[in-house]
Amino acid sequence: MANYQSVRTSDAGALGARIDAGLRTHMNKVYGTMSVGMAITALGAWAIAGLAVTGDIASAAMNADGQAMMVRQGEFLTSLGSLLYTTPLRWVVMFAPLAFILFGWGTMLRSASAATMQIAFYAFAAMIGVSLSSIFLVYTDFSIVQTFLVTAISFAGLSLFGYVTKRDLSAMGTFLVMGVIGLLVAMVVNMFIGSAALGFAISVIGVLLFAGLTAWDTQEIKNTYVAHAAQGDQEWLGKAAISGALNLYLDFLNMFQFLLMFLGNRE
């Protein structure tokens, strides 16, 4: 009996060690994939903004009155900038990433391979880069970089908390999701009424909601891996890592945008 108990304890310890090592690898993949996606978004937004604005009035796009389309003093929209920001294409640019999340990602999670999902995630990050490029026309470069650094530090602390805490955060999930739905409704309403006070409230609540989601999503990624690691389904775990990277990417992105709304200095 003693030998049997020793063998059983040894097997359990070996399994636990493998799961711990696998979890570290899994989380590294999640954060690595998310970081690459964020880099694609940042570089894409910066590059598109650079192509959309020119200091040469001869290269500027003209409006219906034949005047150069000015962004700010000495800077004008190019033909690309005019196409992206002043035509109906801007709605496609704005809502294409949302449509991908709502209608495409769930199907891919069920039927696509992990490699296909990773490519799709990077393509999604590039779409977000195009959509996000307009912030370079609205805010100063310094405030964008400053807000990005504040977001990165906050995200790192919140995600670390979600990973190491022993507290079960699952009860937060429903509350946070309902909060995000309410926030979206408020944002749509404010598009029509243009209230500065409501806009400020939206930005503050948005930061708090996505701060909570960062910790919650991190714990969910960890718990999901631990629950399925013993089954050894590497393909499924690979897809789970990409899906987790997308969730954290969206948490970071939204927290950054809401912080920028009240920390950023407008041109």
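This is a predicted model, so every value here is computed, not measured.

A.B. asks: Would you mind going over the overall build of the chain with me for this structure?
C.D. replies: Looking only at helices and strands, the chain has nine helices and three strands in total. When the backbone C-alpha atoms are referred to their principal axes, the chain occupies close to 90 × 40 × 30 Å. Relative to its 267 residues, the chain shows a buried fraction of 38%. Partitioning the intrachain contacts of the chain with sequence separation of at least 6 by distance along the chain shows that 78% fall at a separation of at least 24. Entry remark: accessible area of the chain is about 14500 Å², with carbon and sulfur atoms responsible for 68%. Between the averaged position of the 12 positive side-chain charges in the chain and that of its 13 negative side-chain charges there is a distance of 10 Å.

A.B. asks: Looking at this model, I keep getting lost on the confidence of the model for the chain. Mind explaining?
C.D. replies: Detailed reading of the predicted coordinates is not advisable wherever pLDDT is low. Summary statistics for the chain give a mean pLDDT of 85 and a share of 91% for residues scoring 70 or more. Predicted confidence in the chain is weakest over helix α1 (residues 2–52), with a mean pLDDT of 77, and strongest over helix α6 (residues 141–164), with 93.

A.B. asks: I'm lost on the sheet that holds strand β3 (residues 75–77) in this one. Help?
C.D. replies: Each strand in a sheet pairs with another by means of backbone hydrogen bonds, the pair being arranged parallel or else antiparallel. The strand order β1-β3-β2 describes an open sheet built from three strands, whose pairing is antiparallel. One side of each edge strand has no neighbouring strand; the edge strands of this open sheet are β1 (53–54) and β2 (70–72). Note that β2 and β3 share two bridges and pair antiparallel. Across the sheet, Arg 72 pairs through a bridge with Glu 75, a residue of β3.

A.B. asks: For this particular structure, what's the right way to read the nonpolar core?
C.D. replies: The biggest cluster of nonpolar side chains holds 62 residues, and the ones touching the most others in it are Trp 105, Ile 135 and Tyr 249. If you tally residues by element for this core, the top one is helix α9 (residues 234–263), at 14 residues. Beyond its immediate sequence surroundings of up to four residues, Tyr 249 is in contact with Met 34, Gly 37, Met 38, Thr 41, Phe 121, Phe 124, Ala 125 and Ile 128.

A.B. asks: Can you help me understand the environment of Lys 239 in this one?
C.D. replies: Here Lys 239 is to be found in helix α9. With a relative accessible area of 10%, Lys 239 lands in the buried category. In this structure, the C-alpha to C-alpha distance between Lys 239 and Val 145, residues 94 residues apart in sequence, is 32 Å. Residues within four places of Lys 239 in sequence aside, it is in contact with Met 108, Leu 109, Arg 110, Ser 111, Ala 112, Ser 113, Ala 114 and Met 117.

What counts, and at which threshold
- Residues numbered from 1 in each chain as written.
- Predicted model: local features only at pLDDT ≥ 70, side-chain atom pairs only at ≥ 80, totals over all residues.
- Heavy atoms only, no water.
- Helix = DSSP H or I, 4+ residues; strand = E, 2+ residues; numbered from the N terminus.
- Buried < 20%, exposed > 50% of the residue type's maximum accessible area, 1.4 Å probe, protein only.
- Contact = heavy atoms within 4.5 Å.
- Areas by Shrake-Rupley, 256 points an atom, 1.4 Å probe, with all protein chains shown as cover.
- Lys, Arg positive; Asp, Glu negative; His and termini not counted.
- Charge placed at Lys NZ, Arg CZ, Asp CG, Glu CD.
- pLDDT = per-residue confidence, 0-100.
- Pairing = 2+ DSSP bridges.
- Core = buried A, V, L, I, M, F, W, Y, C linked by side-chain atoms within 4.5 Å.

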